[in-house]
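Residue-level listing of the chains:
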Amino acid sequence: MPVIAPFVHVVDDDPSVARALKRLLHAWGMRVRTFESGGAFLSALGNRQDVDCLVIDVQMPGMTGREVQERMNRAGMDVPVIFITAHGDDGIEEDALKAGAAGFLRKPFTEEALVGLIRKVLGQRRKSPEGAGGNSGEKTGNQS
């Protein structure tokens, strides 16, 4: 049986960051879909659950990454969320992790930090009894 590459969704309002992350994750054998906003991601997602992992910027115009996470939590969507940010907002990392985020990375981060965190999250999901629920809240890979 062929192994299906993980499907990672990336949400970042900076097109150059989204493109760079898409190229990076493709190079590591992942399927990637990018979105320019949290609203666009949620609209495209609908009721589908084909997202293995979400990498999302914290600060975006319109809907923040945390607001997307809150909506997903309220809707019962069990998708691991990894936040990325260039901002040093007080308490945002702690709040995101308490709300179930799988990780939090500060820009600039290494490709190994991001890919390693995604692989760790995906490995946790595969090991869980239902194949989901790998949101450990651990801040593995956090870089200043």
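Remember, predicted model here, so these are calculated numbers, not experimental data. Numbering of residues starts from 1 in each chain and follows the order in which that chain's sequence is written. It should be noted that, the model being predicted, local features are given only for residues of pLDDT at least 70 and side-chain atom pairs only at 80 or more, the latter also being counted only at that level, while totals for whole chains, interfaces and linings use all residues. Calculation of side-chain values draws on the structure's entire complement of heavy atoms; hydrogens and water are dropped beforehand.

Trainee: I keep staring at the overall build of the protein chain and nothing clicks. Help me out?
Mentor: If you tally the helices and strands in the protein chain, you get 5 helices and 5 strands. Each helix is a run of H or I in the DSSP string that is no shorter than four residues. Each strand is a run of E no shorter than two, and both are numbered from the N terminus. From first element to last, N terminus to C terminus, the protein chain shows the α and β order β-α-β-α-β-α-β-α-β-α. With a 1.4 Å probe rolled over the protein chains alone, any residue whose accessible area is under 20% of its type maximum counts as buried; one over 50% counts as exposed, and the rest are partly exposed. Per-residue burial over the protein chain gives 43% buried out of 144 residues. Only the protein chains shown count as cover for residues, and the accessible areas themselves come from Shrake-Rupley with a 1.4 Å probe. Of the roughly 7400 Å² that the protein chain leaves accessible, carbon and sulfur atoms contribute 51%.

Trainee: Just to check I follow, could you spell out the pattern of salt bridges for this structure?
Mentor: Side chains bearing opposite charge may pair, as long as their charged atoms lie close to each other. Salt bridge, as used here, is a side-chain nitrogen of Lys or Arg placed within 4 Å of a carboxyl oxygen of Asp or Glu. By the definition in use, this model includes 5 salt bridges. For Glu 70, the salt bridge is made with Arg 66, and the minimal N-O distance between the two is 3.3 Å. You can see Glu 70 and its partner Arg 66 sitting in helix H3 (residues 65-74), 4 residues apart, about one turn around the helix. In this structure Glu 70 comes out as partly exposed when scored by relative accessible area, which is 34%. Via salt bridges that share partners, Asp 12, Asp 57 and Lys 107 belong to a single interconnected network.

Trainee: What is the right way to look at the packing of helix H2 (residues 38-45) against H3 in this model?
Mentor: Two quantities define a packed helix pair, namely the angle between the helix axes and the distance between the axes. Direction vectors running N to C along H2 and H3 enclose 25°, while the axes themselves pass 9 Å from each other. Looking at the two axes, H2 sits roughly parallel to H3. Relative to H3, the crossing made by H2 is right-handed. Taken together, the residues of H3 that come into contact with H2 (itself represented by Gly 38, Phe 41 and Leu 42) are Val 68, Arg 71 and Met 72. Three classes are used: nonpolar for Ala, Val, Leu, Ile, Met, Phe, Trp, Tyr, Cys and Pro, charged for Asp, Glu, Lys and Arg, and polar for all others, with Gly counted as polar. Here the contact of H2 with H3 is composed, by residue class, of 4 nonpolar, 1 polar and 1 charged. Here the axes come from fitting lines to C-alpha atoms, over the contacting stretch only for helices, and the angles between their N-to-C directions go from 0 to 180 degrees. Note on angle classes: values under 35 degrees are labelled roughly parallel, values over 145 roughly antiparallel, values of 65 to 115 roughly perpendicular, and the remainder oblique. In this scheme the handedness of a crossing depends on how the near helix is turned from the far one: anticlockwise by less than a right angle means left-handed, clockwise means right-handed. Whether two residues are in contact is decided by their heavy atoms, any of which lying within 4.5 Å being enough.

Trainee: Would you mind showing me how to read H2 here?
Mentor: What sets the pattern is the α-helix's 3.6 residues per turn: residues three or four places apart point alike. Among all positions of H2, only Gly 38, Phe 41, Leu 42 and Leu 45 are buried. One face of H2 carries all of its buried residues, which in axial projection span an arc of 95°. Two residues or fewer after H2 comes Gly 46, characterised by a positive phi angle close to 55°. By arc we mean the arc of the directions from the helix axis to the C-beta atoms, nothing more.

Trainee: In this structure, what is going on with the packing of aromatic side chains? I would like to understand it.
Mentor: Two aromatic rings are characterised by how far apart their centres lie and by the angle between their planes. Any Phe, Tyr or Trp ring, taking Trp's six-membered ring, that has another such ring centre within 6.5 Å forms a pair; planes under 30 degrees apart are called stacked, those over 60 apart edge-to-face, and the others tilted. Going through the model one piece at a time under the given rule, you end up with 2 aromatic pairs. For the pair Phe 35 and Phe 41, a centre-to-centre distance of 5.5 Å together with 75° between the ring planes defines the contact as edge-to-face. Of the two residues, Phe 35 and Phe 41, neither departs from the other in class, the shared state being buried. Their ring planes at 40° and their centres at 6.2 Å tell us that Phe 83 and Phe 104 sit as a pair that is tilted. Of this pair, Phe 83 sits in strand E4 (residues 81-85) while Phe 104 sits in strand E5 (residues 103-106), and the two are 21 residues apart along the sequence.

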